[in-house]
Amino acid sequence: MSKPLAGIRVLDLTNVLAGPFCCHQLAHMGADVIKVETPGSGDLARQLGADPVLNQAHMGVSFLAQNAGKRSISVNLKHPAGKEVFLRLVQGADVLVENFRPGVMKRLGLGFEVLREHRKDLIYCAISGFGQDGPLKDYPAYDQIIQGMSGVMSITGDPETAPYRVGYPIADTIGGMTAAFAVAAALAEKPRSHARFIDVSMLEATMATMGWAVSNYLVAGRVPAPMGNENITASPSGTFRTADGLLNIAANKQEQFEALCRVVGREDLIANPEYAERHARLSNRYALKAELESALAARGAQDWWPVLTRAGVPCGPVYTVEEVLAHPQVSERGMVATFPDVPGVGRDVRVVRTGFKLDGKPPAVDAPPPRLGEHSDELLAQLGYGKEDIRTLKEQGAI
């Protein structure tokens, strides 16, 4: 499969999740992603994850999840000779992605203004918690901090339990996805005649995905509130108890509501003035939910799911991660990649790819996540360093 970003070189100076996730997407689209890491420690994610043995080996599960297909070189950006190595890398790069605090690269003498002198059409993408300017630009930010400050936590959970954080690092992931989109857009510019600086704020990127919630306040003056698993725009729409577990039902249209009532044997609800019309159902959502759950208690979620689907009612089970990975809808579409006997790990590594197919095939990378500095000698040789030069760089602590 031809890949849209084949021939594009990306320098990945990022750590943990937002930046690595961005470059993970670019690698799957064919970019040659070179992960520039600190000697001895590398990406902090190398020490994170549920397997302590892998953490000790600097191949933590958190690192494995976002770094397949990349090459790793370890460079000391504080060492003069290390900076020279880095500047040679920049000369051959199309894109640079970093997620340091604003100002760190400039203090290293490697800021955007310097680097664009070495690569006139460089696309420089800086990912940070709050952006490169503003009163909070120097504040540290992790996913949970952004979830809390963006308003995400304020509308997650139900009125008795909120605020709750979303169960995975959604702000980091959104920040990385936003960065990948911005980089891809910049690469598409014709001609690419000058350098571009992309400033990604995780706070703003997360808020951009909250369009409905934010617009309800900006346009309609309605303050978003936590509603648990209920849908703010429709009823009956949310999770419903059945005889053996939860079932998501999204009867958002009038015809879907009526079909639901008929299937569960409660046609009387269709003409009931408390439920007959959309806004009436919103006002009486919890009473309606109790009526429906009483009927749904006759069968289990797996029984109701196909019956309701055939009747035109959108619905589905509530799966665990283990269950959805085992489902043929996921397992048979190539969503999960397997790398056999990965060096530094000592066993097979399975990770998720992207969420789309290109010309009927899932984008994939050929190589597993790299060991720290695994490709240093290879890349240095490509930059013109001889074996003696490389030995000297190592002795100096530059790489």
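The shown structure was predicted, so the numbers you read here are calculated from the model rather than taken from an experiment.

*Asks:* So what exactly am I meant to see when it comes to the overall build of the protein here?
*Replies:* Counting its regular elements, the protein contains 19 helices and 11 strands. Dimensions of the protein, computed from the C-alpha atoms along their principal axes, are close to 85 × 45 × 40 Å. Looking at the protein as a whole, 44% of its 399 residues qualify as buried. Pairs at least 24 apart in sequence give 66% of the contacts found in the protein among residues at least 6 apart. Working note: accessible area of the protein is about 19,800 Å², and carbon and sulfur atoms make up 54% of it.

*Asks:* Help me out: how do you make sense of the packing of aromatic side chains in this one?
*Replies:* What describes a pair of aromatic rings is the distance from one ring centre to the other and the angle between the planes of the rings. Evaluated as defined, the whole model comprises 3 aromatic pairs. Residues F112 and Y124 carry aromatic rings whose centres are separated by 5.8 Å and whose planes lie at 75° to one another, so their mutual orientation is edge-to-face. Of this pair, F112 sits in helix α6 (residues 112–118) while Y124 sits in strand β5 (residues 123–128), and the two are 12 residues apart along the sequence. Y124 matches F112 in its accessibility class, with the two residues each being buried. Where Y124 meets F197, the ring centres are 5.2 Å apart and the plane angle is 15°; that geometry is what we call stacked. Placement of Y124 in strand β5 and of F197 in strand β6 (residues 196–201) is noted, with a sequence separation of 73 residues between them. Classification of Y124 as buried rests on a relative accessible area of 2%. Through successive ring pairs, a cluster of aromatic residues spans F112, Y124 and F197.

*Asks:* Just to check I follow, could you spell out helix α4 (residues 80–91) for this structure?
*Replies:* The periodicity of an α-helix, 3.6 residues per turn, causes residues three or four places apart in sequence to face the same way. In a regular helix each residue adds 1.5 Å, so 12 residues correspond to 16 Å; α4 covers 17 Å between its end C-alpha atoms and thus fits that length. For α4, every residue scored as buried is listed here: A81, G82, V85, F86, L87, L89 and V90.

*Asks:* Looking at this model, I keep getting lost on the pattern of salt bridges. Mind explaining?
*Replies:* Working definition: two side chains of opposite charge can pair if their charged atoms are close together. One pass over the full model with this rule turns up 25 salt bridges. A salt bridge links K35 to D12; its shortest N-O distance comes to 3.5 Å. Here K35 is found in strand β2 (residues 32–37), whereas its partner D12 is found in strand β1 (residues 9–12), with 23 residues between them in sequence. Both residues of the pair, K35 and D12, belong to the buried class. A salt bridge links R71 to D32; the nearest nitrogen and oxygen atoms lie 2.8 Å apart. Linking R71 in strand β3 (residues 71–74) with D32 in strand β2, this pair joins segments that are 39 residues apart in sequence. The exposure class of R71 is buried, given its relative accessible area of 14%. Judged by relative accessible area, which is 25%, D32 ranks as partly exposed. A single salt-bridge network, built from bridges that share partners, covers R9, D32, R71 and E378.

*Asks:* Sorry, what's going on with the nonpolar core here?
*Replies:* One recurring pattern in soluble globular proteins is that nonpolar side chains are buried together. Within the largest apolar cluster, 41 residues are counted, with the highest numbers of intra-cluster contacts made by V10, L26, V95, V97, C125 and I127. A per-element tally of this core places helix α8 (residues 170–187) first, with 6 residues. Those residues within four positions of V97 in sequence are excluded, and the remaining contacts are V10, L11, D12, L13, T14, C22, C23, C125 and I127.

*Asks:* Is there a simple way to explain helix α11 (residues 254–263) in this structure?
*Replies:* Among the residues of α11, Q256, F257, A259, L260 and C261 are the ones counted as buried. Contacts made by the buried residues of α11 are with β8 (246–250), α12 (268–271), α13 (278–283), α14 (285–296) and α15 (301–310). Residue G265 follows α11 closely and has a positive phi angle near 80°.

*Asks:* I would appreciate a short explanation of the sheet that holds β6 in the present structure.
*Replies:* The strands making up a sheet associate through hydrogen bonds between their backbones, and the pairing can be parallel or antiparallel. On the basis of which strands lie adjacent, the open sheet formed by 6 strands has the order β3-β2-β1-β4-β5-β6 and parallel pairing. One side of each edge strand has no neighbouring strand; the edge strands of this open sheet are β3 and β6. Taken over all neighbouring pairs, the strand axes of this sheet differ in orientation by 20° on average, direction set aside. Summarising the sheet, β1 and strand β4 (residues 95–98) pair through 3 bridges and their orientation is parallel. Bridge pairing in β4 places D12 opposite V97.

*Asks:* Would you explain the domain arrangement of the protein in this entry?
*Replies:* You'll often see interface size given as the accessible area lost when the parts meet. Split by domain assignment, the protein resolves into domain 1 (9–210 + 333–396) and domain 2 (246–317). Between the C-alpha centres of domain 1 and domain 2 the distance comes to 45 Å.

*Asks:* For this particular structure, what's the right way to read the state of the cysteines?
*Replies:* As used here, a disulfide is simply a covalent bond connecting the sulfur atoms of two cysteines. Under the defined criterion, the tally for this structure stands at 0 disulfides. The cysteine C22 is free of any disulfide, with C23 supplying the nearest cysteine sulfur at 4.5 Å. A residue is classified by how much of its surface remains accessible, and C22, at 0% relative accessible area, is buried. Judged by relative accessible area, which is 0%, C23 ranks as buried.

*Asks:* Before we go on, may I ask you to explain the environment of M59 in this structure?
*Replies:* On the secondary structure map, M59 appears in the loop between α2 (52–56) and α3 (61–64). Taking C-alpha positions, M59 is 49 Å from L292, a pair spaced 233 residues apart along the chain. In this structure, M59 is in contact with R46, L54, L64, V342, P343, G344, V345, P369, P370 and R371, ignoring residues within four places of it in sequence.

So, how was this worked out
Residues numbered from 1 in each chain as written. Predicted model: local features only at pLDDT ≥ 70, side-chain atom pairs only at ≥ 80, totals over all residues. Heavy atoms only, no water. Helix = DSSP H or I, 4+ residues; strand = E, 2+ residues; numbered from the N terminus. Buried < 20%, exposed > 50% of the residue type's maximum accessible area, 1.4 Å probe, protein only. Contact = heavy atoms within 4.5 Å. Areas by Shrake-Rupley, 256 points an atom, 1.4 Å probe, with all protein chains shown as cover. Phe/Tyr/Trp six-rings, centres within 6.5 Å; stacked < 30°, edge-to-face > 60°. Expected span 1.5 Å × (residues − 1). Salt bridge = Lys/Arg side-chain N within 4 Å of Asp/Glu carboxyl O. Core = buried A, V, L, I, M, F, W, Y, C linked by side-chain atoms within 4.5 Å. Pairing = 2+ DSSP bridges. Axes fitted to C-alpha atoms, helices over the stretch in contact; angles between N-to-C directions. Domains from an automatic or database assignment. Disulfide = S-S within 2.5 Å.

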